[in-house]
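Summary of the model geometry
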Amino acid sequence: QIQLVESGGGLVQPGGSLRLSCKASGSIFSIFYMGWYRQAPGKQRELVATDTGAGDTNYADSVKDRFTITLERRTNSVYLQMNSLKYEDTAVYYCMIRYRQTSDLVWSDGWGQGTQVTVSS
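Residues numbered from 1 in each chain as written. Predicted model: local features only at pLDDT ≥ 70, side-chain atom pairs only at ≥ 80, totals over all residues. Heavy atoms only, no water.

1. Thoughts on the overall build of the protein
Put simply, the rule is: The numbering of helices and of strands both runs from the N terminus, where a helix is a DSSP run of H or I of at least 4 residues and a strand a run of E of at least 2. Think of it in three bands: with a 1.4 Å probe and only protein chains considered, a residue is buried below 20% of the maximum accessible area for its type, exposed above 50%, and partly exposed in between. When checking whether two residues touch, look at their non-hydrogen atoms; a contact exists if any pair is within 4.5 Å. Here the accessible surface of atoms and residues is derived via Shrake-Rupley with a 1.4 Å probe, and residues count as covered only by protein chains that are part of the display. Counting rule applied: Lys, Arg positive; Asp, Glu negative; His and chain ends not counted. Where a charge lies is defined by one atom per residue type, namely NZ (Lys), CZ (Arg), CG (Asp) and CD (Glu).
What the protein contains, in helices and strands, is 0 helices and 11 strands. Each principal axis of the C-alpha distribution contributes one length, and for the protein these read about 50 × 25 × 25 Å. Looking at the 121 residues of the protein, the share that counts as buried comes to 43%. Within the protein, contacts between residues at least 6 apart in sequence are counted, and of these 57% link residues at least 24 apart. Of the roughly 6600 Å² of accessible surface on the protein, 46% is carried by carbon and sulfur atoms. Separation between the mean location of the 12 positive side-chain charges and that of the 11 negative ones in the protein comes to 2 Å.

2. Looking at the sheet that holds strand β8 (residues 77-82)
Selection rule: Only strands joined by at least two bridges in the DSSP assignment are considered to pair. Interaxial angle, 0 to 180 degrees, is taken between N-to-C directions of lines fitted to C-alpha atoms, where a helix line uses only the stretch in contact.
Judged by pairing direction, the sheet is antiparallel, and its 4 strands sit side by side in the order β1-β3-β8-β7 without closing on themselves. At either margin of the open sheet sits one strand with a lone partner, and together these are β1 (2-7) and β7 (67-72). When the angles between neighbouring strand axes are averaged without regard to direction, this sheet yields 15°. Across 6 bridges, strand β3 (residues 18-26) lies against β8 in antiparallel orientation. Across the sheet, L20 pairs through a bridge with L80, a residue of β8.

3. Observations concerning unusual backbone geometry
For D65, which is not glycine, the phi dihedral falls at a positive 75°. Within the element layout of this structure, D65 appears in the loop between β6 (57-59) and β7. Even without a glycine there, the phi angle at S84 is positive, about 50°. Locating S84 in the fold gives a position in the loop between β8 and β9 (91-100). S84 gets classed as partly exposed once you look at its relative accessible area, which sits at 40%.

Below, the structure is given as structure tokens:
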């Protein structure tokens, strides 16, 4: 069992910035990667960004050059710095982790409860 606790969401004006944080705890043997997804009202959940913590990051085209993801393996934490926010960035943001609980080669996914980000004037 693992737990992911997110923080940092809120209300921001267009062009503003927010920083999301997520910390994973529990039975974690190793992490493959951590990331952020988001889901806007009436839409499917979509990838925002992932990070392996080894220089390998992946971003949705819609957030490239505006968002920066950072995985801190030492603390099992992942951060998402969001700059130049737009109305269309409004969504619930979910932290996720792909990890192993033991040395067996079995990967599992875990999800946070989500944090609301609202971009509005």
